[in-house]
Amino acid sequence: MSRKNIKLGIIDYAASNLRSVEKAFTHLGADVIVSSKSEELDKVDALIFPGQGSNDSAMQALDKASLVQPIVDFVKNDRPFLGICMGLQLLMQSSEEGIEPCFGLFDGSVKKFSGKMKVPHMGWNQVLPTRKHQVFNNLPIEPYFYFVHSYYADPLDKNLVLATTDYGNKFASAISYGNLVAVQFHPEKSGSIGLEFYRNFLQFVKVNV
Amino acid sequence: MLTKRIIPCLDVDQGKVVKGVNFVNLKDAGDPVELAFFYNQEGADELVFLDITASSDERNTMINVVESVSQQVFIPLTVGGGIRSVSDVRVMLESGADKVSLNTAAVSDPNLIKKSADHFGNQCIVVAVDARRIDREKHVNSQNDSSSLINPDLAIEKSTEWEVFIYGGRKRTGIDALKWIQFVTELGAGELLVTSMDSDGMQSGYDIQLLSEISKLVSVPVIASGGAGTLDHLCEAIVDGKADAVLAASIFHFGTYSIRQAKQHMNSRGIPIRL
């Protein structure tokens, strides 16, 4: 495994930011395929689940492409997986943003920011890791990442939380479980820190496949 | 804590950055990729590329610019200028833009805001508003040139202080800027780029009153534009104007200040900044 490039599969379901995720990983030398075919996505070392847009349109598009069950299986088999933005939120059970149930891989729901804060939460905010993980290697202690979202995941099991971010109150900006990592922020838009985060993820995959 | 953003704005004409950018250490000061890279290194929080190409034949050039910048510079990229339809929005997003900025087309067809936001999400739809303070005397004389297309609910009235202009500030619309920004936010604008036509290019400070009025009315992020001449101007837009981000062109392009200097200055004034 050590000499071969990591092969990544980006799940294509018409989410608007998948091209920038692809560009970032390509820039780092990974072999990237962008596909909506489950048989192609089953052959990769790690699955990348990006996403922007709304809960219902995302779930409907994934359902239409018959991708829901393959993604669930991929995660349940503990294969390396990275969720980004909506790709974190959809792992929960339900969302205040819509009526379509999400994947239900983790107990908890997706909530809208409330109170006096501006919505969307847009811009650079600090990510505070709550435990050690390889994806945060070589990064500043409380690194800044770029965020764009109006909803956040609230997992019931707080042991899942890998990092928190403060916006009005603290929310889970990253979770991890086994070989799954999912983040609310956009590493592909977070400059050199974001690229380092993706590089760490590739390293994490290398160790775990 | 969410930080305030500094956004350099680059005017692009036929694939080249124009407006006298002069950095000694750049090989080609007109190369969008090289400039984007430079500003990224300097700590810019986002970049705005404004396509000022007059001819529509040259539009594809901008797509190539967006494509190549986004392959090498990994910070948010907003593209504005000449975006007229949902398919224009789609092409820019697919080429690598993270947000598109709608201005004239949003006035001609406000539904474009809603359609784009529904398709791609509010977060990638920026509505750019060019606002000018109403000159009471002139106003009376030219009241008739408001377009009949305008929703009467948005029309300027006696109490109106700012009017929306389009076509790069050349054409009046008869629209009240404060009513307009509320209207576009309801349609799905995820962010507002507010340019004061009175201050733009004057380097005498942003229109703080305009910014603070707008910030009171909407809950989406507001980018202040037009008038930055000193680092204190940037601070005023944030502290007094309640803006979430400041956009500037000349002070950075001419090298009057570096982005790093601007950030350090704002930080020293207690403004949350990503250093």
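Source: prediction; values computed, not measured. Just so you know, the residues in each chain are numbered from 1, in the order the chain's sequence is written. Following the order in which they are written, the chains are lettered starting with A and the ligands numbered starting with 1. Where totals are concerned, whole chains, interfaces and linings use all residues; where local detail is concerned, this predicted model gives features only for residues with pLDDT of at least 70, and gives and counts side-chain atom pairs only at 80 or more. Remark: hydrogens and water are excluded; side-chain values derive from all non-hydrogen atoms of the structure.

Caption draft 1: Helix α1 (residues 18–27) of chain A, seen in detail. Residues and elements named next belong to chain A. Among the ten residues that make up α1, seven are buried, leaving the element largely enclosed by the rest of the structure. Classification of residues uses two cut-offs on accessible area relative to the type maximum, computed with a 1.4 Å probe and protein chains only: under 20% is buried, over 50% is exposed, and between them is partly exposed. In this text, helices come from DSSP runs of H or I with a minimum length of four residues, and strands from runs of E with a minimum of two, each type numbered from the N-terminal end. Inspection of α1 places Leu18, Ser20, Val21, Glu22, Lys23, Ala24 and Phe25 among the buried residues, and these make up the whole buried set. After α1 finishes, the residue Gly29 shows a positive phi value of roughly 90°.

Caption draft 2: Focus on the pattern of salt bridges. What makes a salt bridge here is a side-chain nitrogen of Lys or Arg within 4 Å of a carboxyl oxygen of Asp or Glu, nothing more. Counted according to the given criterion, the structure contains 22 salt bridges over all chains. With its nearest N and O atoms 2.9 Å apart, the salt bridge here joins Lys189 of chain A to Asp98 of chain B. Remark: Asp98 of chain B occurs in the loop between α3 (86–95) and β5 (99–102) and Lys189 of chain A occurs in the loop between β13 (180–183) and α6 (191–208); the pair is interchain, linking two chains. The buried category is assigned to Lys189 of chain A, whose relative accessible area is 4%. Between Arg172 of chain B and Glu163 of chain B there is a salt bridge, with its nearest N and O atoms 2.9 Å apart. Note on accessibility: Arg172 of chain B and Glu163 of chain B belong to one class, buried. Three or more residues joined by partner-sharing salt bridges are found here, namely Arg19, Glu22 and Lys23 of chain A together with Glu67 of chain B.

Caption draft 3: The pairing of strand β6 (residues 125–133) of chain B, seen in detail. Residues and elements named next belong to chain B. Among the nine residues that make up β6, seven are buried, leaving the element largely enclosed by the rest of the structure. Strand pairing is assigned whenever DSSP detects at least two bridges linking the two strands. Relative to β6, β5 runs parallel, the two sharing three bridges. Its bridge partner being in β6, Leu102 is matched across the sheet by Val127. Relative to strand β7 (residues 162–166), β6 is paired through four bridges, and the arrangement is antiparallel. Bridging across to β7, Ala131 finds its partner in Val164.

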